[in-house]
Each structure stands twice: as structure tokens, then as C-alpha cells.
Amino acid sequence: EVRGAIFFGSSMKALGNILDESGINASTEEKKEIVMTNSPLPHHSRISRHSPSLSPSSFRERRDQRKEGNKLDATIKLAVQRVPPRFLVLDLSSVTNVDASAARGCFLQLAKMCANRNVVVCAAAANSHITWLLKTHETAHDFDLH
């Protein structure tokens, strides 16, 4: 069961909790994509490995990205090593709100990871706003919303 409002600031934690409870382990590439998707920096200003900046803000950005990656690593390491499930049912009846960044940063990433593992995801009992938001942000095509 997923609870409360899921927004930009809580989407990584929500994703980590879902992965932890389901026993789905993120690959290194998936972790990188999750961190990049959930980064507060616009895509065009993200740091390139090939042309690092030496400005103080770039050091802060890299530090912040490492922190986010480390948080996700710590969350993922807590997941029990087991065979991924065939089905993942998300009870969204207690979710009060989801914003666009959470739809993409949490639910779309979850849908991609599950699709790569042939895990069927079913989101149940979402209110009409959340259903609309997941469909609008290209998440619903991987989710079965009821």
C-alpha cells in the first residue's frame, strides 16, 4: 500500500520503499536513470562527465547528485535478495495526490523496471486525478489502472 501525497521530494523514497517491499533490485543503469530523472537540475544544465565545470556550483551539484545516488544505493541495498514477483499490485486508495515529477520519477521508473523483468504492475483504487496524471505522463501504458 502506498500512502499520502507523492511529490518531487518524496518520489525517490516512495520508489525505494516499493522496490524494497517487492524485492526488485535496480541495476546500476537503472539507478543512474532514477537519479537523473529525479534531479532538480534541468536536463541541459546537468554535469557532463566529459566536460566537468570547476565552478563552486558544479561541485555542489556533483555532491548533491552523489548524495541522491548514495540514498538510492542505501535504499536498494536494503531490498531482500529474492526472485522478483510476477505481479506487483499497488494499492493507491490512500494516495491523496501525485504531482507530475512523481508520476515520472517514481511510477514511470517503476513501470520500466518491472517491464524489463516481465513483472506486471497493476495500480488499484487510484482516484480520478491520479489516474489522469499517470495516463498523461506516459506512465499508464505500463500500468493497468482500475
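What you see is a predicted model; the values in this text were computed from it and never measured. (Residues numbered from 1 in each chain as written. Predicted model: local features only at pLDDT ≥ 70, side-chain atom pairs only at ≥ 80, totals over all residues. Heavy atoms only, no water.)

Observations regarding the environment of L134
- Its place among the elements puts L134 in helix α5 (residues 128-136).
- What makes L134 buried here is its relative accessible area of 0%.
- Sequence spacing of L134 and A103 is 31 residues, and the spatial spacing of their C-alpha atoms is 5.9 Å. (Helix = DSSP H or I, 4+ residues; strand = E, 2+ residues; numbered from the N terminus. Buried < 20%, exposed > 50% of the residue type's maximum accessible area, 1.4 Å probe, protein only.)

Brief notes about the packing of helix α1 (residues 11-22) against helix α4 (residues 100-116)
- Running from amino to carboxyl end, α1 crosses α4 at an angle of 25°, the nearest separation of the two axes being 8 Å. The angle between the axes of α1 and α4 places the two elements in the roughly parallel class. Here α1 and α4 pass one another in a crossing that is right-handed. Contact residues: S11, A14, L15, I18 and L19 in α1; A102, G105, C106, Q109, L110 and M113 in α4.
- The residue makeup of the contact of α1 with α4, split by class, is eight nonpolar, three polar and no charged. (Axes fitted to C-alpha atoms, helices over the stretch in contact; angles between N-to-C directions. Parallel < 35°, antiparallel > 145°, perpendicular 65-115°, else oblique. Left-handed = near helix turned anticlockwise from the far one by under 90°. Contact = heavy atoms within 4.5 Å. Nonpolar A, V, L, I, M, F, W, Y, C, P; charged D, E, K, R; others polar.)

A closer look at the confidence of the model for the protein chain
- Taken over all residues, the pLDDT of the protein chain has a mean of 78, while the share at 70 or more is 66%.
- Per-element confidence in the protein chain is highest for strand β3 (residues 94-98), whose mean pLDDT is 95, and lowest for strand β5 (residues 143-145), whose mean pLDDT is 49.
- Throughout residues 44-55 the model reports pLDDT below 50, and contacts reaching past four residues in sequence, or to other chains, amount to 13 contacts. (pLDDT = per-residue confidence, 0-100.)

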